[in-house]
Amino acid sequence: RRRRMEASILPVPKTVASPSSVFSVQSSARSRFICRRRFSRKPVRCEVSGSVNGIPRVPILNDQLLPKFMQSKRFENAMNKNGTNKLKIFAGTANPALAEEIAWYMGLDLARINIKRFADGEIYVQLQESVRGCDVYLVQPSCPPANENLMELLIMIDACRRASAKNITAVIPYFGYARADRKTQGRESIAAKLVANLITESGADRVLACDLHSGQSMGYFDIPVDHVYCQPVILDYLASKKISSNDLVVVSPDVGGVARARSFAKKLSDAPLAIVDKRRHAHNVAEVMNLIGDVKGKVAVMVDDMIDTAGTITEGAALLHKEGAREVYACCTHAVFSPPAVERLSSSLFQEVIVTNTIPVAEANYFPQLTVLSVANLLGETIWRVHDDCSVSSIFQ
């Protein structure tokens, strides 16, 4: 009996979940059962083989980026004493595909939720399973239609709070209203602060957001904010292009994005930096004035946090070609793509337009130069670390 007991507590070998993610489940018969049950089903999306126009989505995390202390007891920590899962991921209607990919990376199933609209447009939310004492993660970007998706997120948070969830984390891959972060003219509202107050007052305990338009938006929340940088996703993809480091130059489309572009350039073989100087006469209207830096004969990589109407980045690309750039790549995290963005981006100015799936790209907005990269692994790993009370910043180092 003693030998059988000793044998039962021997560590089990690590179990590989998928080509793009590695999990390990420690000993005990219950852990082995959990591992078998979680990974026996077929993958839903994160095989990352099919994306836009046949270009594959690129995984971000690999075995080398997962510290050894993070590869143990994850599933044991995610289970209650009665064997039920205490980590729940709910998907809103804004980007269910991304939520499904996140859940697949984590080896979990999406929790069941009923979201519908009444005839007059009011939103109804009902959780289809118990969340009492659970850590709940609600995946819902406030992308267009921004007001609809934001209100849906608030009602989801309220439903979880009234169902006695232990912790509620709003996973907002794209935080809308972030551009209204200060008063540049008299009698303007600071809508970013208002939205932060709404999310906090609705009952959220934590916010997880990707590439906020400005860093000060984190200070608008009175609850912890985990700011996820999606640069590694784009950097991994650009590394696969095998462009010579001597030919690269990173370009900021405006002065406000210099810090973002400088950080990007440092991680991209410490590439040189160029800045486009522009004057904005009105919202969504930009006029390029001149270029600071040398791009002649270079491959220019323009970096921004979002592409809305694509006016700024298109005018910048035209200037780069005028100054002698050989190729121009546009890289951004959030593909808002308000008209006439697709018409502008599908012109011959861009060699490739690289975005992520923080916002779902409608099929009508596909064009030949578009590449969509998945941030599911990045968000899934961040959720695991938040749940395990581990460092998040080490993912981006």
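Residues numbered from 1 in each chain as written. Predicted model: local features only at pLDDT ≥ 70, side-chain atom pairs only at ≥ 80, totals over all residues. Heavy atoms only, no water.

In the nomenclature of an unreviewed UniProt entry, the protein is known as ribose-phosphate diphosphokinase of Genlisea aurea. Recorded under Sequence similarities (unreviewed entry), the UniProt text for the protein is reproduced unchanged: "Belongs to the ribose-phosphate pyrophosphokinase family." (UniProt positions renumbered as here; feature names shortened; annotations may be inferred.)

> Give a description of the layout of surface pockets that names residues and reports values.
In this structure, the second largest pocket spans a volume of roughly 290 Å³. Taken together, the residues of the lining of the second largest pocket break down into two nonpolar, five polar and seven charged. (1 Å grid on protein atoms, 1.4 Å probe; cavity = no way out; pocket = protein on both sides within 12 Å on 5 of 7 lines; lining within 4 Å. Points joined across faces, edges and corners; volume = space filled by probe spheres on them. Nonpolar A, V, L, I, M, F, W, Y, C, P; charged D, E, K, R; others polar.)

> I'd like a rundown of the packing of helix α4 (residues 96-106) against helix α11 (residues 376-387), residues and numbers included.
One way to put it is that α4 packs onto α11 with a least axis distance of 8 Å and a crossing angle of 60°. The angle between α4 and α11 places the two elements in the oblique class. Here the hand of the crossing between α4 and α11 comes out right-handed. Between α4 and α11, the residues in contact are L98, E101, I102, Y105 and M106 and A376, N377, L379, G380, E381, I383 and W384, respectively. (Axes fitted to C-alpha atoms, helices over the stretch in contact; angles between N-to-C directions. Helix = DSSP H or I, 4+ residues; strand = E, 2+ residues; numbered from the N terminus. Parallel < 35°, antiparallel > 145°, perpendicular 65-115°, else oblique. Left-handed = near helix turned anticlockwise from the far one by under 90°. Contact = heavy atoms within 4.5 Å.)

> If you had to explain the packing of aromatic side chains to someone new, which residues and values would you point to?
Applying the stated rule across the entire model yields three aromatic pairs. Geometrically, the ring pair formed by F118 and Y124 is edge-to-face, given 5.9 Å between the ring centres and 65° between the ring planes. A residue is classified by how much of its surface remains accessible, and F118, at 40% relative accessible area, is partly exposed. With a centroid separation of 5.7 Å and an interplanar angle of 55°, the aromatic rings of F175 and F221 are classed as tilted. Taken together, the residues F175 in the loop between β7 (167-172) and α6 (191-202) and F221 in the loop between β8 (206-210) and β9 (225-228) connect sequence positions 46 residues apart. (Phe/Tyr/Trp six-rings, centres within 6.5 Å; stacked < 30°, edge-to-face > 60°. Buried < 20%, exposed > 50% of the residue type's maximum accessible area, 1.4 Å probe, protein only.)

> Before we move on, can you summarise the pairing of β9 with the specific residues and values?
Burial along β9 is two-sided: V225 and H227 and D226 and V228, pointing in opposite directions, are all buried. In this structure, β8 lies alongside β9, joined through four bridges in parallel fashion. From the neighbouring strand, C210 faces β9, where its bridge partner is V228. (Pairing = 2+ DSSP bridges.)

> Any chance you could break down the environment of L98 for me, citing the residues and the numbers?
Within the element layout of this structure, L98 appears in helix α4. Judged by relative accessible area, which is 1%, L98 ranks as buried. If near-sequence neighbours (up to four positions away) are discounted, L98 is found in contact with P173, N357, T358, V375, A376 and L379.

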